[in-house]
Amino acid sequence: MIIYDLEIQNLIPSKNGDRLPDFKYCEGWHDHFGMDVACVVLFDTARNEYRIFDEFMLDDLKAIVARTDVVAGFNIISFDNKVLAPHEVIIPETKCYDLLVEIARAAGTPNDYTGLSLDTVCIANFKTGKTGNGVDAPKLYQQKRFGELFDYCLADVRLTKKLLDRILEIGHIINPRTGKWIRVNRPR
């Protein structure tokens, strides 16, 4: 199994259309090709190691995905996988374990992700949350602050792994909406 997250190169315009000067943008949330991959961080459970990939290493990532039975992450079906697809890194949904999807299902709201961000889920379960905001990742990339970008993405993968480890170990997490334990399906 691998657990992964990615960050994008280009900012997504705000709903009111405001744009910061001197930054590149994609055309919106539907423009996965225009978002472009800044970096991918993954944890490979078979090798017990973290790996960082920049946009020039996606063929290496593709090979790892091909040999992996389960690809896990947080919101990967709706976002990360779609950003990788234009780069011919195709992750079939049959291989995916999306923690956001599974947590929403366990919470009884399979089509409503409100209040179930990685940050809120981790704060409810571990009293610690994300180190930053994904909105800032394209700014870091465009400002060539790659160390900060990689650290931010790595921190998200560590949180996702910690959450997945809890699900694998005890099968339950605390629902941040209610503060009550819910049973979450484990990866197949």
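The structure under discussion appears in the preceding block.
Residues numbered from 1 in each chain as written. Predicted model: local features only at pLDDT ≥ 70, side-chain atom pairs only at ≥ 80, totals over all residues. Heavy atoms only, no water.

Participant: Residue-level account of the sheet that holds strand E2 (residues 37–44), with values.
Facilitator: What the five strands build is an open sheet, ordered E3-E2-E1-E4-E5; its pairing is mixed. Two strands bound the open sheet, and with one partner strand each, they are strand E3 (49–54) and strand E5 (96–98). Within the sheet, the average angular offset between the axes of one strand and its neighbour, ignoring direction, is 25 degrees. When E2 meets E3, the two strands line up antiparallel, connected through six bridges. (Pairing = 2+ DSSP bridges. Helix = DSSP H or I, 4+ residues; strand = E, 2+ residues; numbered from the N terminus. Axes fitted to C-alpha atoms, helices over the stretch in contact; angles between N-to-C directions.)

Participant: Could you give me a rundown of the packing of aromatic side chains, with the residues and numbers involved?
Facilitator: Here the structure, examined in full by the defined rule, presents four aromatic pairs. Pairing Phe-146 with Phe-150 gives two aromatic rings, centres 6.5 Å apart and planes at 25 degrees, and the pair type is stacked. Remark: Phe-150 and Phe-146 occur in helix H7 (residues 146–170); sequence separation between them is four residues, near one turn of the helix. Residue Phe-146 is classed as partly exposed on the basis of its relative accessible area, which comes to 33%. (Phe/Tyr/Trp six-rings, centres within 6.5 Å; stacked < 30°, edge-to-face > 60°. Buried < 20%, exposed > 50% of the residue type's maximum accessible area, 1.4 Å probe, protein only.)

Participant: Kindly report on the environment of Glu-27, identifying the contributing residues and their values.
Facilitator: Along the polypeptide, Glu-27 turns up in the loop between strand E1 (2–8) and helix H1 (32–35). Along the chain, Glu-27 and Ile-174 lie 147 residues apart, while their C-alpha atoms are 36 Å from each other.

Participant: An account of the environment of Ile-3 is requested, with residue identities and associated values reported.
Facilitator: Residue placement: Ile-3 occurs in strand E1. Of the residues examined, Ile-3 reaches a relative accessible area of 1% and is grouped as buried. For the pair Ile-3 and Thr-160, spaced 157 residues apart in sequence, the C-alpha separation works out to 7.5 Å. Setting aside its immediate chain neighbours within four residues, Ile-3 contacts Val-41, Leu-42, Phe-43, Thr-45, Ala-72, Val-157, Thr-160, Lys-161 and Leu-164. (Contact = heavy atoms within 4.5 Å.)

Participant: Got a sec to walk through unusual backbone geometry? Specific residues and values, please.
Facilitator: Of note in the backbone geometry, Lys-127 takes a positive phi value of approximately 60 degrees without being a glycine. Of note, Lys-127 is situated in the loop between helix H5 (118–126) and helix H6 (137–142). Among the residues examined, Lys-127 registers a relative accessible area of 71% and is labelled exposed. One non-glycine residue, Lys-144, adopts positive backbone phi at about 60 degrees. The topology assignment puts Lys-144 in the loop between H6 and H7. Accessibility expressed as a relative area gives 63% for Lys-144, which makes it exposed.

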